[in-house]
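Here are the chains, one letter per residue:
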Amino acid sequence: MAELERLANHFGDIGAICNDASFSLMHAHCGALRERVLRCSNACFGHRLMMDCVVPGGVAQDLGDAGPSMLRALVTDVLSSFPELVGLYDNTTSLQDRTVTTGILKPELARQYGAGGYIGRASGRSFDARRTPGYAPYPALEFDIPVRTEGDVDARVWIRIDEVSRSLSIIEQCLDQLPEGQVLSPLESTGVGADEREGISLVEGFRGDILAWVRIASDGTMAHCHLRDPSWFQWPLLEAVIEGNIVADFPLCNKSFNCSYSGHDL
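All of the points below concern the structure found in this document. Please read these numbers as outputs of a predicted model, since none were measured by experiment.

Quick look at the overall build of the protein chain now. Check the secondary structure of the protein chain and you find 11 helices and 5 strands. Taking 18 Å as the expected radius of gyration for a compact globule of 266 residues, we find that the protein chain reaches 20 Å, a close match to that expectation. With the C-alpha coordinates aligned to their principal axes, the bounding extent of the protein chain is approximately 65 × 40 × 30 Å. Relative to its full complement of 266 residues, the protein chain shows a buried share of 42%. Taking the contacts inside the protein chain whose residues are at least 6 apart along the sequence as the reference set, 66% of them involve residues at least 24 apart. Accessible surface computed for the protein chain: about 13,400 Å², of which carbon and sulfur atoms make up 54%. Across the protein chain, 22 positive and 36 negative side-chain charges occur, with their mean positions spaced 3 Å apart.

With that settled, consider the sheet that holds strand S5 (residues 222-228). Strand order across the open sheet formed by 3 strands is S3-S4-S5, with antiparallel pairing between neighbours. The sheet is open, and its two edges are formed by strand S3 (197-204) and S5, each paired on a single side. When strand polarity is set aside, the average angle formed by the axes of neighbouring strands in this sheet is 10°. Both strand S4 (residues 209-216) and S5 contribute to a ladder of 6 bridges, which runs antiparallel. Pairing of Trp213 across the sheet is with His226, part of S5.

What follows is about the packing of helix H3 (residues 67-90) against helix H8 (residues 153-176). Where H3 meets H8, the closest approach of the two axes is 10 Å, and the angle between their N-to-C directions is 160°. Viewed along their axes, H3 and H8 adopt a mutual orientation that is roughly antiparallel. Crossing hand, H3 versus H8: left-handed. Residues Pro68, Leu71, Arg72, Val75, Val78, Leu79, Phe82, Val86, Tyr89 and Asp90 of H3 form the contact with H8, whose participating residues are Asp154, Val157, Trp158, Ile161, Val164, Leu168, Ile171, Glu172, Leu175 and Asp176. Looking at the contact of H3 with H8 residue by residue, the class counts come to 15 nonpolar, no polar and 5 charged.

Moving on, we come to the pattern of salt bridges. Inspection of every chain in the model, using the stated rule, returns 16 salt bridges. Between Asp13 and Arg160 there is a salt bridge whose closest N-O contact spans 3.1 Å. With Asp13 in helix H1 (residues 2-20) and Arg160 in helix H8, the pair connects residues that are 147 residues apart, well separated along the chain. Neither residue differs from the other here; Asp13 and Arg160 are each classed as buried. Arg148 is the partner of Asp162 in a salt bridge, and the nearest nitrogen-oxygen pair spans 3.8 Å. On the criterion of sequence distance, the pair formed by Asp162 in helix H8 and Arg148 in the loop between helix H7 (130-134) and H8 is long-range, its members being 14 residues apart. Among the charged side chains, a network of salt bridges with common partners joins Glu3, Arg6, Arg121, Asp128, Arg130, Glu163 and Glu204.

Turn by turn, an α-helix covers 3.6 residues, leaving residues three or four places apart pointing in a common direction. Residues Leu252, Cys253, Asn254, Ser256 and Phe257 constitute the buried set of helix H10 (residues 250-257). In the core, the buried residues of H10 are packed alongside H1, helix H4 (93-99), helix H6 (117-121), H8, helix H9 (231-242) and helix H11 (261-264). Positive phi shows up at Asn258, right after H10, with a value of about 45°.

Calculation rules
Residues numbered from 1 in each chain as written. Predicted model: local features only at pLDDT ≥ 70, side-chain atom pairs only at ≥ 80, totals over all residues. Heavy atoms only, no water. Helix = DSSP H or I, 4+ residues; strand = E, 2+ residues; numbered from the N terminus. Rg over C-alpha atoms; globule rule 2.2 N^0.38 Å. Buried < 20%, exposed > 50% of the residue type's maximum accessible area, 1.4 Å probe, protein only. Contact = heavy atoms within 4.5 Å. Areas by Shrake-Rupley, 256 points an atom, 1.4 Å probe, with all protein chains shown as cover. Lys, Arg positive; Asp, Glu negative; His and termini not counted. Charge placed at Lys NZ, Arg CZ, Asp CG, Glu CD. Pairing = 2+ DSSP bridges. Axes fitted to C-alpha atoms, helices over the stretch in contact; angles between N-to-C directions. Parallel < 35°, antiparallel > 145°, perpendicular 65-115°, else oblique. Left-handed = near helix turned anticlockwise from the far one by under 90°. Nonpolar A, V, L, I, M, F, W, Y, C, P; charged D, E, K, R; others polar. Salt bridge = Lys/Arg side-chain N within 4 Å of Asp/Glu carboxyl O.

As structure tokens, then:
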């Protein structure tokens, strides 16, 4: 589910960045790819955006008998069509003129702010929560973390492009290693009189590392929580990268970051 989400959003971002440079052809084709991923997600997990599909104790529903074949068909479809779009992006001079050397985020600033996701990785920072600290099933899978050092809009596009291929490989590996057994385990009751308990989680979303901390009170209600979206660390950097660029390049810088408005306001 996480890698499908990554695919859908990367396709949407790549197309939108190109659209902000008035290259609507890429926007249309990437939008079509995103729609295929969303339809596959809906068919496999019952929701296009897979909201409420990951729940305490596991997942809300199993993949189903037809799920693996649909996912493999999606992987094949993307592998056959996406490389041509990558070539179109890379070989369109007018598009490269708008993205290369535009909106540069210096590596030292990315490190100072702890920028993760495609923003950090486009500026030399290789942090990925799937690797460090890591969580199941990623330690059992083979994939590398793409990193670039240019820090411009073009680099942030290429990180997304590179991550598409990694996500496709991860999905195939997950299907090959899919275990038998239940998909949802009952949680222990935290009713009245139980001890307070708390938990913390760090996962790699499509924008970067997402942290969630929750404390459950002795009466079973939520006592405290802290949710931290990766955009907390990324929004301040957008101000830095737009300096020295023309006004027309602001949409490119902004979309190449694609920070969450609501996520920053949690």
